[in-house]
Structures are given as structure tokens and as C-alpha cells.
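Tertiary structure, described
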Amino acid sequence: MSAQSFIDPGFIGPDAIRTLFSTAMSEMYRTEVPAYQTLVELVCEVNEAVLAADPAERHRLEAAGGLARITEERHGAIRLGTANELSTMRRLFAVMGMQPVGYYDLSEAGVPVHSTAFRPVTDEALSRNPFRVFTSLLRLDLIADAGLRQEAEQVLAARSIFTAGCLALIEKAEAAGGLTEEEATRFVAEALETFRWHSRANVPLELYKRLHDAHRLIADVVSFKGPHINHLTPRTLDIDAVQRMMPEKGIAPKAVVEGPPTRRCPILLRQTSFKALSEPVDFRDGNGWRSGVHTARFGEIEQRGIALTPKGRALYDALLQDSRRLVAPAADGSNAAEYMAALQEVFAPFPDSWEEIRRQQLGYFSYSLTEAGRRNPPAPDADLEALIAAGLVRFDPVVYEDFLPVSAAGIFQSNLGDDAQQDFSASPNQQRFEADLGTPVLNPFDLYAEIERASIDACLSAMSPATA
Ligand code: OOG
Ligand code: NI
């Protein structure tokens, strides 16, 4: 019996809805932000070159089933204003098989939001389409000016970011356990409306300015009819090459690549972005409109590496902190080369071979039978290490599917401009976030551990009567 048989035959299934949605989103963003299209083309070019130059890597990705998903792979980001918006967004994403994973506190980095990532969680769903959305909730509680806070709350309380059709289809999916193809097509079209850019602001220019002075991000969330998608990020196999080539395509990247340094064996996540565009916006003015500008939408690329265990992550966090203590990256990019050199040097103790990362239990791996293993399926009680040594089982890094708080802060900040540095005291409030969300967030480490465990089980049950 396959997992598919649990889905009502009349329904198309959450993975297929997610693919319809991510494709529609990508098409919409391509027409809204032309530089995104340029970036996607550059990433494709670089990915093809990497695979052509490294047949072993191509083969490894093919064997591990990871090649097909890379070209279409994207993440996006939105910023929400209220608890109600967040909990409804959770239900919307659930229709496409996306669950809230992880909690990110950005207050520490001077950004008044806390966040989670909605994404598929099983190995199977991830390999079909790993589309994820970094979703932030504005924290008006961090705004000192009580009067302004109240005005912002009123504006947010009066807006509804979901169409009636979208809400009806969410309810339908929840009640029936899925959507038919026809319903899914309508659902995607309705849901897309929530993420669309609105060139007409929800507020007068005067209020926009006051919100903007409190924090640029507050203006971005409160002033508009909905949470426009603010970037869509393709995945590259060589972020250094894309970073180098962006200026040739007329795109100016931020000065430093966030995350770990360049390595032979990529770990976690490396990201870089280009600055937000200044876009014309009409603000309310009495009964009419008045023109102004807003900068919110930008482009980003990422390179994903292995998911680290808590032990590996602790080592990463410690080394990142050490490098930043040595050279703090300046907002204007003036010491970028120095910072990247420090990063490279400080990270030297992090092992850079898959064997060693595995031996020290720093990362999660997916185990599978080699061709020889398939010819000679191991007994259920066989020893995994012995099977690896005998060439019957291979191991591949499990891809990191999540985000990194320090990197996310760097991405936020590069888009808020150098003048936007602001201090909030660090005040993570996961409990409040989960209450607003309506569920606890999932723990990413549990999900990776489960993928690893299931892969080992699958190797050792290849010969069991149930599947023979
Ligand atoms: C989200 C910034 C964080 C990432 O990839 O870490 C992010 C935002 O600007 O809303 O997208
Ligand atoms: Ni991003």
C-alpha cells in the first residue's frame, strides 16, 4: 500500500497544490520584479556550468534524488501584521502541505519581528517541491510610541488580507480533507491575491512617514492592503560565482555573503541579496491620491548545504560568533574582504569532508543501498557501519531546509538601509508567537533526525517480507 492511497482519489493532494502555487508565485514575481527573472537566468546558467564541470556532483545529486528539485526551488518571504493574519496564513499553507518549522527572534538584530518558516516536512514532500516561505509577524509591542502603536493597530485591524473565495476554499479543504483539481486551481488564484504587490497604499503619506520613522519595516507592513511577497529566492550550486557575476548583469549584490564561508562540503545555508527597489506608490490624500515611493522588494539567492545536528550547529554558531568578534561586517560593505577572510580562517576547525562530518556526528545523512546493496539486501539486524565499509550502503548529506537568524538579520538589514540600525532589547517570545499562530512550531532537528532514521530503516528492511 502506498502513501498516495490515503489521499481521496478525487483530490489532487497538497504537494501538487504547492507546486501549482509556487509556479504561479514565480510567474507573478517575474512580471512584477524584472531583476528576479535576470537572477533566475543567471542561477540556471551557473548551476548548469557547475554540473557540467563536476560530473561526480551531478551523479551524486541524481543518485540522491536531489537534482530535479533544484532548478525550480524557491523560497519567499512575507511580513504579517496581526495574530489573526498569522493563524489564517498557517491554515492557508496547510492546504499545500506546509507546516510552521522553527522560531526566529529578529528583535536582537534590531528588526521588530519574530518569524517561522512554513515548509513541507517529509522527505517525500520535500523532494517533490521544497517551496518554503519565511513568515514574520510584526511586533508592535516593541514600538515605544504608544499613540503610533495604536494607530498602526487600528489600520491593521481594519484590513482583510484574504479574499472571501480563499477563506471559503481553506474551510472546504479542512472539512473535506483536500481539494479537487478544479478547487485547487481556484484556491491558488485566490491565494495569490494575498501576496500581490499593491501600488496603492492603505494610509496617507503623513502616517506612512511617521511609521517609517519608527521603523521602515513597520511602514512596510502597516501601509499596504496585504503582505506582498518581498523576495523569491532561487537556489544555486555556486553562490560565489553568482555573487561575482551579478554586477555583469546589472545587479549590485550586498557586500558579504551571509552564513558559513566557501567550503568543499557546504553546510547549512549561504545567502546574498540585492538591494530593494524604489517603487512608485500612491498614498491616500483626502478623497484622492498622492504619489510617493516605497522600497521593499528585493532579490536573493541561496546555496544550501548539509543540515547540522545540535552538536554541529553549536560549533557553527560558536565559529560564526568568533569571526564576527574578529571582524564585524560593516553595513556599508567597506570591510567585506576582511570579514570573508576572517570567516574562512575561523571556520578551519569545522571538518570539510563528508566522512569526517559524519564520524563526528556534526550533520544528518540519508542512507541508501548501492547497486551492490540492492543485489544483496542486508539483513534487518545488519550493522550499518559494516554495510558502508562493504560498499552496500552509501550516505548523502540531508539538505538544510530552514533559515539562519543571523543571516536573516543581515538580509533584513541590507534592505532596510544603513541608516536603519536600531536597538531593541533582545526579547524572544516564542510562547506568544505560538499562541498567535495557533499551534506550536515544529522542531527542525526532530525532522532531520526522522529523515535520517527512516533512511536507515529503509536500507535494513529492503529484505523484509512486507516489501519483498
Ligand atoms: C525576510 C528576511 C529573511 C532569509 O532568507 O533569511 C530571509 C524578510 O525580509 O522579510 O528571507
Ligand atoms: Ni530570504
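Keep in mind that this is a model prediction, so the values were computed, not measured.

Conventions we followed
- The written sequence of each chain sets the order in which its residues are numbered from 1.
- Throughout, the order in which chains and ligands are written sets their labels, letters from A for the former and numbers from 1 for the latter.
- Side-chain atom pairs in this predicted model are given and counted only at pLDDT of 80 or more, local residue features only at pLDDT of at least 70, and totals for whole chains, interfaces and linings cover all residues.
- Here the side-chain values reflect all heavy atoms present in the structure, with hydrogen atoms and water set aside.
- Pairing between two strands is assigned when DSSP locates at least 2 bridges connecting them.
- Helix and strand assignments come from DSSP, with helices taken as H or I runs of at least 4 residues and strands as E runs of at least 2, each series counted from the N terminus.
- Throughout, an axis means a line fitted to C-alpha atoms (over the contacting stretch in the case of helices), and angles, computed between N-to-C directions, take values from 0 to 180 degrees.
- We call two residues in contact whenever any of their non-hydrogen atoms come within 4.5 Å of each other.
- For this purpose, a residue is taken to be near a molecule or strand whenever a single non-hydrogen atom of the residue falls within 4 Å of it.
- Under the rule applied, a polar contact is a pair of N or O atoms within 3.5 Å (in protein, one hydrogen donor and one hydrogen acceptor; residues adjacent in sequence only if both atoms are side-chain atoms).
- The way it works is a 1 Å grid over only the protein atoms, where trapped points that fit a 1.4 Å probe form a cavity and open points with protein on both sides within 12 Å along at least five of seven lines form a pocket, and then any residue with an atom within 4 Å of a point lines it.
- To be counted as sitting in a cavity or pocket, a molecule needs more than half of its atoms within 2 Å of that site's grid points.
- Note on aromatic pairs: the rings of Phe, Tyr and Trp (six-membered ring only in Trp) are paired at centre separations within 6.5 Å, and the planes decide the class, stacked below 30 degrees, edge-to-face beyond 60, tilted for the rest.
- Burial classes: relative accessible area under 20% of the type maximum marks a residue as buried, over 50% as exposed, and values in between as partly exposed (1.4 Å probe, protein chains only).
- One speaks of a salt bridge when a side-chain nitrogen belonging to Lys or Arg is within 4 Å of a carboxyl oxygen belonging to Asp or Glu.
- As a rule, N, O and S atoms within 2.8 Å of a metal are its donors, except that Na, K and Ca use 3.2 Å; water is not among the atoms, so sites may look incomplete.

Turning our eyes to something else, we now look at the sheet that holds strand β2 (residues 99-105). With mixed pairing, 5 strands are arranged side by side in an open sheet as β2-β3-β4-β1-β6. The open sheet terminates on both sides in strands that have one partner only, identified here as β2 and β6 (231-234). For this sheet, the mean inter-axis angle between neighbouring strands, taken without regard to orientation, is 20°. Of the strand pairs in this sheet, β2 and strand β3 (residues 113-119) are connected by 5 bridges, and their pairing is antiparallel. For D105, the partnering residue across the bridge sits in β3 and is H114. Against the sheet, helix α2 (residues 34-53) engages β1 (74-80) and β6, with an angle of about 10° to β6.

As a further point, take the site of ligand 1. Around ligand 1, the neighbouring residues are H75, A77, R79, F134, N230, H231, Q271, F298, E300, F403, A408 and F412. A distance of 3.1 Å separates an oxygen atom of ligand 1 from a polar side-chain atom of H75. Note that an oxygen atom of ligand 1 is positioned 2.7 Å from one of the side-chain N or O atoms of Q271. Judged by the fraction of its atoms near the pocket grid, ligand 1 is located in the largest cavity.

What follows is about the packing of aromatic side chains. For the structure shown, the criterion picks out 17 aromatic pairs. When the ring of Y104 is compared with that of F403, the centres are 6.5 Å apart and the planes differ by 80°; the resulting orientation is edge-to-face. With Y104 in strand β2 and F403 in the loop between β12 (393-397) and α18 (405-416), this pair connects stretches of sequence that are 299 residues apart. Summarising the burial analysis for this pair, Y104 and F403 share the class buried. Arranged with centres 5.0 Å apart and planes meeting at 70°, the rings of F134 and F403 form a pair that is edge-to-face. Placement of the pair is F134 in strand β4 (residues 132-138) and F403 in the loop between β12 and α18, with a sequence separation of 269 residues. The class for F403 is buried, based on a relative accessible area of 3%.

On to unusual backbone geometry, then. In this model, L268 sits at a positive phi of 50°, which is unusual for a non-glycine residue. Mapped onto the elements of the fold, L268 is located in the loop between α12 (239-245) and β7 (269-274). Judged by relative accessible area, which is 1%, L268 ranks as buried. Despite not being glycine, Q361 shows a phi value in the positive range, around 55°. Along the polypeptide, Q361 turns up in the loop between α15 (354-359) and β11 (365-369). Note on Q361: relative accessible area 56%, which makes it exposed.

Attention now goes to the pattern of salt bridges. In the structure shown here, the tally under the stated rule is 37 salt bridges. A salt bridge links R159 to E85, with the nearest nitrogen and oxygen atoms 2.8 Å apart. A residue pair is termed long-range when its members are at least 10 positions apart, and R159 in the loop between α7 (146-158) and α8 (164-176) and E85 in helix α5 (residues 83-95) qualify at 74 residues. Close ionic contact of E174 with R91 constitutes a salt bridge, the shortest N to O distance being 2.7 Å. Here R91 lies in helix α5 and E174 lies in helix α8, a separation of 83 residues in the sequence. For R91, a relative accessible area of 24% gives the class partly exposed. One network of salt bridges, with partners in common, ties together E73, R132, R235, E302, R304 and E401.

What follows is about the coordination of the nickel ion (ligand 2). For a metal with four tetrahedral donors the ideal donor-metal-donor angle is 109.5 degrees, whereas six octahedral donors ideally subtend 90 or 180 degrees. Of the protein atoms, only H75 (NE2), H231 (NE2) and E300 (OE) coordinate the nickel ion (ligand 2), at distances of 2.1 Å. Written as a sequence motif, the donor arrangement for the nickel ion (ligand 2) is H-x155-H-x68-E. Residue H75 is located in strand β1, and its partner E300 is located in strand β10 (residues 299-304); the two are separated by 225 residues in the primary sequence. As far as the burial class goes, H75 and E300 line up, both buried.

This brings us to the sheet that holds strand β9 (residues 288-295). Hydrogen bonds between backbone groups are what pair the strands of a sheet, and the pairing can be parallel or antiparallel. The strand order β5-β8-β9 describes an open sheet built from 3 strands, whose pairing is mixed. The sheet is open, and its two edges are formed by β5 (200-204) and β9, each paired on a single side. Each adjacent strand pair in this sheet contributes to an overall mean axis angle of 40°, direction not counted. Relative to β9, strand β8 (residues 278-285) runs antiparallel, the two sharing 8 bridges. Residue pairing for β9: R284 is matched across the bridge by W289. Here helix α10 (residues 205-214) sits on the sheet and contacts β5, β8 and β9; the angle it forms with β5, its principal contact strand, is near 85°.

Fair warning: the whole summary comes from geometry, so function is off the table for now.
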